Each structure stands twice: as C-alpha cells, then as structure tokens.
Amino acid sequence: MTSPAVLDPAIAARLKRDAQGLVAAIVQQHDTGEVLMLGWMDDEALRRTLDEGRVTFWSRSRGEYWRKGDTSGHVQHVRSVALDCDGDALLVRVDQVGAACHTGDRTCFDAGDLAASVVEP
C-alpha cells in the first residue's frame, strides 16, 4: 500500500497561509515577464503544481481544485515556482498556452489602468 502524496514538509513549513489555509500565487509568463493572473493555492494545490508541471489552484468560489486549462485548453506549463521572502506569496513562472484570464484576455490585468499618479525619481 502506498501512502498519499503530500507537500514536502520542508516547503510546507516555509508557507505563511491566510485564515483559509491559502497562499497567493502570482502567475507570470516565463520568457517575457508578463504578469498573467493571481490565483490561490493550499498545500495540495502547490504539491500538484510542483509534481505534475501544470498549475493547479484552489477555487475559493467553487470550493474545489482546478487545473488551469482542463476545460478551456488554455494550459499553464510550469517553468519554475518560487516562494517570496515572507513565505506568503508564490511566483509561478509558466509557458501560457492561450488566454490566462477567464474572460478570454491574455492577462487578467487588462481590465483597465487605474490612472495612478506617477512620480519620477
């Protein structure tokens, strides 16, 4: 009998999760640096992402795991995963196939600029 796969305890110990046990995962196109989207991962979603080479998230609205691209075909192939210095955010670099956003846009950050004041250094 084989035991179920679990996230490496050394990685799990470094994560600082929110009250729901989640960590923000920023997804970036590996070769251009384009920020594509933000999703949420718990330990199992992160384990699947690291083990399978495809990005898996925890859907807060549906209360279930979803692997990006399984229904849309817009797959995210993992190139690297890094944890920030505080342990509360992941940077997932991917090779994005098709749109990253559920709206069909390349990135979720095409919803419009908020016209922030820009101060030159």
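Definitions and limits used
In every chain, residue numbers begin from 1 and rise along the written sequence. Given that the model is predicted, a residue must reach a pLDDT of at least 70 before its local features are reported, and side-chain atom pairs must reach 80 or more before they are shown or counted; all residues, however, enter totals for whole chains, interfaces and linings. Computation of side-chain values: all heavy atoms of the structure, hydrogens and water removed. Only DSSP runs of H or I reaching four residues or more are called helices, and only runs of E reaching two or more are called strands; each is numbered from the N terminus. Buried residues are those whose accessible area, probed at 1.4 Å on protein chains only, stays under 20% of the maximum for their type, while exposed residues exceed 50% and partly exposed ones sit between those limits. Here, residues are in contact when the closest pair of their heavy atoms is within 4.5 Å. Any carboxyl oxygen of Asp or Glu that lies within 4 Å of a side-chain nitrogen of Lys or Arg is treated as forming a salt bridge with it. In this description, strands pair whenever DSSP reports at least two bridges between them.

### Observations regarding the overall build of the chain
Helix and strand counts for the chain stand at two helices and six strands. In the chain, the order of α-helices and β-strands from amino to carboxyl end is α-β-β-α-β-β-β-β. The buried share of the chain, reckoned over its 121 residues, is 32%. Expressed as a percentage of contacts within the chain between residues at least 6 apart in sequence, the contacts between residues at least 24 apart total 42%.

### Describing the pattern of salt bridges
The final tally for this structure, using the stated rule, is ten salt bridges. One salt bridge connects Asp-70 with Arg-54, and the closest N-O pair in it is separated by 2.9 Å. A residue pair is termed long-range when its members are at least 10 positions apart, and Asp-70 in the loop between β4 (64-67) and β5 (76-83) and Arg-54 in the loop between α2 (43-52) and β3 (56-59) qualify at 16 residues. We classify Asp-70 as partly exposed; its relative accessible area is 48%. Note that Arg-67 is salt-bridged to Asp-70, the shortest N-O span being 3.1 Å.

### Remarks on the pairing of strand β6 (residues 89-96)
The side chains of a regular strand alternate between the sheet's two faces. Direction of pairing for strand β1 (residues 23-29) relative to β6: parallel, over a ladder of six bridges. Among the inter-strand pairings, Val-27 is bridged to a residue of β6, identified as Val-92. Across seven bridges, the pairing between β5 and β6 is antiparallel. Following the sheet pairing, Val-78 is matched in β6 by Val-94. Connecting β5 to the next strand, β6, in antiparallel fashion are five residues, including Gly-87 with a positive phi near 80°.

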